[in-house]
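# Topology and contacts: notes
Now for the letters of each chain:
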Amino acid sequence: MKPAARPRNPCFSSGPCAKRPGWAVSALEGALVGRSHRSKEGRARIKEVSDRSRKLLGVPDEYRIGLVPASDTGAVEMSLWSLLGPRGVDVLAWESFGQGWVTDISKQLKLPDVRVLAADYGQIPDLAQVDFSRDVVFTWNGTTSGVRVPDAAWIPETREGLAICDATSAVFAMDVPIGAMDVVTYSWQKVLGGEGQHGMLILSPRAVERLESYAPPWPLPKIFRMTKGGKLSDGIFQADTINTPSMLCVEDALDGLRWAEEIGGLPELVLRSKANLAAVADWVARTLWVEFLAEDPAIRSSTSICLKIVDPWFTELPAEEQAPIPKKMASLLEKEGAAYDVASYRDAPPGLRLWGGATVLKADLEALFPWLDWAYEEVKKG
Ligand SMILES: Cc1ncc(COP(=O)(O)O)c(C=O)c1O
């Protein structure tokens, strides 16, 4: 039977993610539109984003934090293009985004000494095999498989290589010890429900040392360049952005950060995300047709929660008949206004993906579960 109540907010996309509870366009009323981002006030607002982010995330004082172009992708790529080359590289990949970084490093940068540590969807590579005498590139949370690294214990404090981490679907929702790594990147459109196209780049002193002591042999476009005359362009980390950010998006990012502070900061954000995962786990435990894609709870994401259909009716279908089923479910749910964007990512095994980051209320997830059951039965009926 079709459930009676819908989630109050049906947004469960893994990016752009749901706005914070209570968000309205009026949150942007004070935006510094029509003004230069290089004005005193413009710079102050950009700086405020970095300062509030630093405090919320516990970024060590000696680390740089800056706003960069082209979202998380921009932040990762400017790091890879600027830093890699002097050492061999270990790249970890267990889903689409990690595989994307493998492609960049192997096929675009064409580095000669690259080890790819790969695992299938739902699994993670053996972290004990990672060699930190080399540079290491990994995603904290694989957004398309719902698998995350369990912690930072596998990253040695004394390492020769740099630990470069794409943490975009983890920061503000998981305990990510930024001081344990050298490069950490994320974008605003994820856990705090900000807007696309703006990236954040965090650099350790060792990453800065690499930038200042190594010049890659390939050309670097302006939007990737972090040094001038062999010195760090420190302005990038002091609100002098490489190019023009949207001051509307800056205002929105500030709104998200203030909200995060008001509700209790990082501990509360993490708690909310964990509670969302626990709610999904309860539903999965009592639901026969569905299971987590990540079997091991230690590596199960609390943000991009990926589910597979295990009902024999589904698993016995040929692959080409399985793939459209979650998509049909997602489109039924969208038509009903019960849930948006819950089908798995285009490169992932067919299934469902529910965002459980801190802007999603547990009550909305709980209201969604009967709709998922309904949509599955509808699609099964044909
Ligand atoms: C792990 C990961 N890396 C990179 C990206 C790309 O992020 P953006 O679109 O903000 O550049 C995403 C987006 O979902 C992601 O989940």
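Notes on the structure in this doc start here. (Residues numbered from 1 in each chain as written. Predicted model: local features only at pLDDT ≥ 70, side-chain atom pairs only at ≥ 80, totals over all residues. Heavy atoms only, no water.)

Another point: helix 1 (residues 40–57). In a regular helix each residue adds 1.5 Å, so 18 residues correspond to 26 Å; helix 1 covers 26 Å between its end C-alpha atoms and thus fits that length. Residues G42, R45, I46, V49, S50, S53, R54, L56 and L57 constitute the buried set of helix 1. Packed against the buried residues of helix 1 are strand 1 (64–69), strand 8 (183–187), strand 9 (198–203), helix 5 (247–263) and helix 6 (265–285). (Helix = DSSP H or I, 4+ residues; strand = E, 2+ residues; numbered from the N terminus. Expected span 1.5 Å × (residues − 1). Buried < 20%, exposed > 50% of the residue type's maximum accessible area, 1.4 Å probe, protein only. Contact = heavy atoms within 4.5 Å.)

For the coordinates displayed, the defined rule picks out 11 aromatic pairs. Seen from their ring centres, F172 and Y186 are 5.5 Å apart, and the 85° between their planes marks the pair as edge-to-face. Within this pair, whereas F172 is found in the loop between strand 7 (163–166) and strand 8, its partner Y186 is found in strand 8, the two being separated by 14 residues in sequence. Judged on exposure class, the residue F172 and its partner Y186 are both buried. Aromatic side chains W283 and W289 sit 5.7 Å apart centroid to centroid with 80° between the ring planes, which places their arrangement in the edge-to-face category. Taken as a pair, W283 and W289 share a single burial class, namely buried. (Phe/Tyr/Trp six-rings, centres within 6.5 Å; stacked < 30°, edge-to-face > 60°.)

At a minimum axis distance of 7 Å, the contact between helix 5 and helix 6 shows a crossing angle of 90°. Overall, the two elements helix 5 and helix 6 adopt an arrangement that is roughly perpendicular. Here helix 5 contributes W259, A260, E261 and I263 to the contact with helix 6, which in turn contributes G265, E268, L269 and R272. Within the contact of helix 5 with helix 6, the residues separate by chemical class into four nonpolar, one polar and three charged. (Axes fitted to C-alpha atoms, helices over the stretch in contact; angles between N-to-C directions. Parallel < 35°, antiparallel > 145°, perpendicular 65-115°, else oblique. Nonpolar A, V, L, I, M, F, W, Y, C, P; charged D, E, K, R; others polar.)

For the ligand, the full set of nearby residues is S71, D72, T73, F97, N141, T143, D166, T168, S187, Q189 and K190. A distance of 2.9 Å separates an oxygen atom of the ligand from a polar side-chain atom of S187. Between the ligand and the protein, one listed contact pairs an oxygen atom with a side-chain N or O atom of Q189 at 2.8 Å. The protein chains hide 86% of the 390 Å² of surface that the ligand would expose on its own. Of the residues forming the shell around the ligand, the biggest block, three residues, is contributed by helix 2 (residues 71–83). The class makeup of the residues in the shell around the ligand is one nonpolar, seven polar and three charged. (Near = heavy atom within 4 Å. Polar contact = N/O pair within 3.5 Å; in protein donor to acceptor, adjacent residues only side chain to side chain. Areas by Shrake-Rupley, 256 points an atom, 1.4 Å probe, with all protein chains shown as cover.)

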